[in-house]
Amino acid sequence: MMSELLDRLVRDFGVTDITERPPAITTLKVSKENGERLIRELRDREGFTHLNFIACTDWIEDGIFRLIYMLHNYDSKQNLGVHIDIKRDHAEMTSIHTLWAQAWTYQRELREMYGIHFPGSPRLEEDFCLEGWDAMPPMRRDFDTAKYSAERFGHREGRVSLVPRDHMKVQLYPNRGGDES
Amino acid sequence: MKKTPSTLSTLENAGLSAEDQLLFSNARPRPYEPYPIKAIEDFANWARANSLWILAFGTGCCSIELRPLMTARFDASRFGVAGRPTPRQSSVFIIGGYVSVKTLKRIVRSYEQMQGPKFIIALGSCPANGGMYFDSYNTINQFDLYLPVDLYVTGCMPRPEALLGAILELQDDIKAGKCDGANRYIEHFDEYKANQKKVIKDWNMPDYNW
Ligand code: SF4
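Residues numbered from 1 in each chain as written. Chains lettered and ligands numbered in written order. Predicted model: local features only at pLDDT ≥ 70, side-chain atom pairs only at ≥ 80, totals over all residues. Heavy atoms only, no water.

> When you look at the nonpolar core in this model, what are you seeing that I'm missing?
Side chains that are nonpolar tend, in soluble globular proteins, to be buried together. Grouped together as the largest cluster of nonpolar side chains are 68 residues, with contacts concentrated most on Tyr69(A), Val82(A) and Phe143(B). Setting aside chain neighbours within four positions, we find Tyr69(A) in contact with Ile39(A), Phe53(A), Ile54(A), Leu80(A), Gly81(A), Val82(A), Ile84(A), Met93(A), Thr94(A), Ile96(A) and Phe118(A). (Core = buried A, V, L, I, M, F, W, Y, C linked by side-chain atoms within 4.5 Å. Buried < 20%, exposed > 50% of the residue type's maximum accessible area, 1.4 Å probe, protein only. Contact = heavy atoms within 4.5 Å.)

> How should the site of the ligand be read in this particular structure?
The environment of the ligand is formed by Cys61(B), Cys62(B), Gly97(B), Tyr98(B), Gly124(B), Ser125(B), Cys126(B), Met132(B), Tyr133(B), Gly155(B), Cys156(B) and Met157(B). Split by residue class, the shell around the ligand holds 8 nonpolar, 4 polar and no charged. (Near = heavy atom within 4 Å. Nonpolar A, V, L, I, M, F, W, Y, C, P; charged D, E, K, R; others polar.)

> Explain the packing of helix α4 (residues 101–113) of chain B against helix α8 (residues 189–199) of chain B to me, please; I cannot follow it from the model alone.
Relative orientation and spacing of two packed helices are given, respectively, by the angle between their axes and the distance between those axes. All names here are of chain B. α8 packs onto α4 with a crossing angle of 150° between their chain directions and a minimal axis gap of 10 Å. Viewed along their axes, α4 and α8 adopt a mutual orientation that is roughly antiparallel. Regarding α4 and α8, the two cross each other, and that crossing is left-handed. Contacts between α4 and α8 involve Val 101, Leu 104, Val 108 and Glu 112 from the first element and Phe 189, Lys 193, Gln 196 and Val 199 from the second. Across the contact of α4 with α8, the residue classes break down as 5 nonpolar, 1 polar and 2 charged. (Axes fitted to C-alpha atoms, helices over the stretch in contact; angles between N-to-C directions. Helix = DSSP H or I, 4+ residues; strand = E, 2+ residues; numbered from the N terminus. Parallel < 35°, antiparallel > 145°, perpendicular 65-115°, else oblique. Left-handed = near helix turned anticlockwise from the far one by under 90°.)

> Please clarify how the packing of aromatic side chains should be interpreted in this entry.
Think of a pair of aromatic rings as described by two things: how far the centres are apart, and how the planes are tilted against each other in angle. Per the counting criterion, the structure on display carries 15 aromatic pairs over all chains. For the pair Tyr98(B) and Tyr133(B), a centre-to-centre distance of 5.0 Å together with 65° between the ring planes defines the contact as edge-to-face. Remark: Tyr133(B) occurs in the loop between α5 (125–129) and β5 (151–153) and Tyr98(B) occurs in the loop between β3 (92–96) and α4; sequence separation between them is 35 residues. Look at Tyr98(B) and you get partly exposed, because its relative accessible area is 27%. On the basis of relative accessibility, which here comes to 28%, the residue Tyr133(B) falls in the partly exposed class. An aromatic cluster of three or more residues is present, and its members are Tyr111(B), Tyr185(B), Phe189(B), Tyr192(B), Tyr208(B) and Trp210(B). Between Arg43(A) and the ring centre of Trp100(A), over which it is positioned, the NZ or CZ distance is 5.9 Å. For the cation-ring pair, Lys118(B) lies above Tyr111(B), with the distance from its terminal atom to the ring centre recorded as 4.4 Å. (Phe/Tyr/Trp six-rings, centres within 6.5 Å; stacked < 30°, edge-to-face > 60°. Lys NZ or Arg CZ within 6 Å of the ring centre and 35° of its normal.)

> Just checking my understanding: could you explain helix α1 (residues 2–13) of chain A for this structure?
Residues lying three or four places apart along an α-helix face the same way, a consequence of the helix completing one turn every 3.6 residues. Residue and element names in this part refer to chain A. Its 12 residues give α1 an end-to-end C-alpha distance of 16 Å, which sits within 8% of 16 Å, the value for a rise of 1.5 Å per residue. Among the residues of α1, Met 2, Leu 5, Leu 6, Leu 9 and Phe 13 are the ones counted as buried. Viewed end-on, α1 has its buried residues packed into an arc of 100°, placing them on one side of the element. Turned more than 90 degrees away from the buried face of α1 sit Glu 4, Asp 7 and Arg 11, all of them exposed. Tucked inside the fold, the buried residues of α1 contact β1 (16–21), β2 (25–30), α2 (32–45) and β5 (78–87). (Expected span 1.5 Å × (residues − 1). Arc of directions from axis to C-beta.)

Structure representation (structure tokens):
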């Protein structure tokens, strides 16, 4: 049944990169233009009535964000991951809040953490986790979290970080200067 | 409606709208004055030490260890310690681990609403120096920049026994009259406030939450 469905999706929506991850996850890739239409079709006709989550990965080398919409079919117990690549600068994607109301929240989070815009999504600009955030969205890979933390929060004098392996060598072999051999 | 310009004796409450400013007090907090007779102050401290009410407010993963404290196995109530659901009724604020900026705002609000005497125990390495979240974009690295800490408990995460030990130590310190965190906060109020406002960018509450 699944392969039949996939064949049809290739024909009608031009999906590519179909990967089976047994036992119950299949992922596929679709263009940004066909994305919302494909997800709507899967929900309305193919029984993928549940949205597990929307996630995002920053592929900074390729200049894209990959959005991952994970859908679930309660009858066949199948999970279908729809991957959609969008451009990193002025990132924008069609909102799917009309399909699932909980998509609001995911989209709010994606706006805050990655700076992706979803036109029409309710309360999109409202703060979610980061209140009064005034820097680059922090989950973008070009955001330097250590530098930001040092500038904004400072560091306590005398704090040391120990690499557990090296530290334990010194603890276990003190006479040999931490040398195991 | 414009308020009179701030003087040293009142707070500005600049984060509030002009309308809301009328609804909140702008008085500055005053430090606690000990009883002039030392024996009475000592007696009061003894009483305070034996009636500690912990605010049930968990901030990070360390606060997982707060829960077993109240149950039969560790049973903190034998030391006269119990949990309270609201800051108005509590005297001990246990900062349970890492503090994100969003939580810090709630912590400041809750702490200021607590009525004296009040004490802060900072649990775990995160409030002390950032712990393993030292490079996180969203957690503060030194809690005592923002609120006064009376006692630190080390560990990641400290066991409930360590917390019990901390409570006993806090009791000793209170009896010895050494826990003056609340007064320190008020005496250095402007510095603490400036530090808080440096990280809490959307300051939309009164400068002191009475
Ligand atoms: S000290 Fe460790 S256990 Fe406690 S909040 Fe930090 S990371 Fe979590």
